[in-house]
Amino acid sequence: AAALVVAWGAGAWGFVAATQHRLVGLGVGPRPVVLALNSSAVQLGFATGALLGGIVVDTVGAEGLWLLAAGCCTAGLALHTLLLRKGRT
């Protein structure tokens, strides 16, 4: 379990740095503003996930969390596919 937690943490930290590097490389605006907006979006995602997870645990129980995770993954994949078709990624 400890090895999985370490791998999860390393992956999460690596993802944030890679995303920030890509955003800065796109040159869509002033770097500090772009990085601040990205950080705000990441924190909003963490907070939303915690809120939704808490609601699911309170209403259905912990065994229902997999449905929430599967739904979020499906929504993310659908959004990614939509943006690819429009040529925005």
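Bear in mind that the values here come from a model prediction, so they are computed numbers and not experimental data. (Residues numbered from 1 in each chain as written. Predicted model: local features only at pLDDT ≥ 70, side-chain atom pairs only at ≥ 80, totals over all residues. Heavy atoms only, no water.)

### As for the environment of Val57
Okay, so step 1: Along the chain, the position of Val57 falls in helix α2 (residues 31–59).
Okay, so step 2: What Val57 contacts, discounting residues up to four positions off in sequence, is Ala62 and Leu65. (Helix = DSSP H or I, 4+ residues; strand = E, 2+ residues; numbered from the N terminus. Contact = heavy atoms within 4.5 Å.)

### Looking at helix α3 (residues 65–86)
Okay, so step 1: Spanning 22 residues, α3 covers 32 Å between terminal C-alpha atoms, matching the ideal 32 Å at 1.5 Å per step.
Okay, so step 2: Just downstream of α3 lies Gly87, where phi reads positive at about 75 degrees. (Expected span 1.5 Å × (residues − 1).)

### Some thoughts on the confidence of the model for the protein
Okay, so step 1: Overall, the predicted model of the protein reaches an average pLDDT of 91, with 98% of residues at or above 70.
Okay, so step 2: Averaged pLDDT values over the elements of the protein bottom out at 88 in helix α1 (residues 2–26) and peak at 94 in α2. (pLDDT = per-residue confidence, 0-100.)

### Regarding the state of the cysteines
Okay, so step 1: Scanning all chains against the criterion turns up 0 disulfides.
Okay, so step 2: Sulfur of Cys72: no disulfide; nearest cysteine sulfur belongs to Cys73 and is 7.0 Å away.
Okay, so step 3: Judged by its relative accessible area of 57%, Cys73 falls in the exposed class. (Disulfide = S-S within 2.5 Å. Buried < 20%, exposed > 50% of the residue type's maximum accessible area, 1.4 Å probe, protein only.)

### Here's the deal with the packing of α1 against α2
In a pair of packed helices, the angle between the axes and the distance between the axes together describe the arrangement.
Okay, so step 1: Direction vectors running N to C along α1 and α2 enclose 145 degrees, while the axes themselves pass 10 Å from each other. As α1 packs across α2, the resulting crossing turns out to be right-handed. Residue-level inspection shows Thr19, Gln20, Leu23 and Val24 of α1 in contact with α2, the latter providing Arg31, Val34, Leu35 and Asn38.
Okay, so step 2: Grouping the amino acids of the contact of α1 with α2 by side-chain chemistry returns 4 nonpolar, 3 polar and 1 charged. (Axes fitted to C-alpha atoms, helices over the stretch in contact; angles between N-to-C directions. Left-handed = near helix turned anticlockwise from the far one by under 90°. Nonpolar A, V, L, I, M, F, W, Y, C, P; charged D, E, K, R; others polar.)

### Digging into α2
Okay, so step 1: With 29 residues, α2 extends 42 Å between its outermost C-alpha atoms, agreeing within 8% with the 42 Å of an ideal straight helix rising 1.5 Å per residue.
Okay, so step 2: Considered for burial, the residues of α2 that qualify are Val34, Asn38, Gly53 and Val56.
Okay, so step 3: Contacts made by the buried residues of α2 are with α1 and α3.
Okay, so step 4: Downstream of α2 by one or two residues, Gly61 has phi in the positive range, about 110 degrees.

### Brief notes about a nonpolar patch on the surface
Okay, so step 1: Residues Leu51, Leu52 and Ile55 make up a contiguous nonpolar surface patch of about 260 Å² in total accessible area.
Okay, so step 2: Inspection of the secondary structure assignment puts Leu51 in helix α2. (Patch = residues over 30% accessible without salt bridge, like charges linked within 9 Å, V, L, I, M, F, W, Y side chains within 5 Å. Areas by Shrake-Rupley, 256 points an atom, 1.4 Å probe, with all protein chains shown as cover. Salt bridge = Lys/Arg side-chain N within 4 Å of Asp/Glu carboxyl O.)

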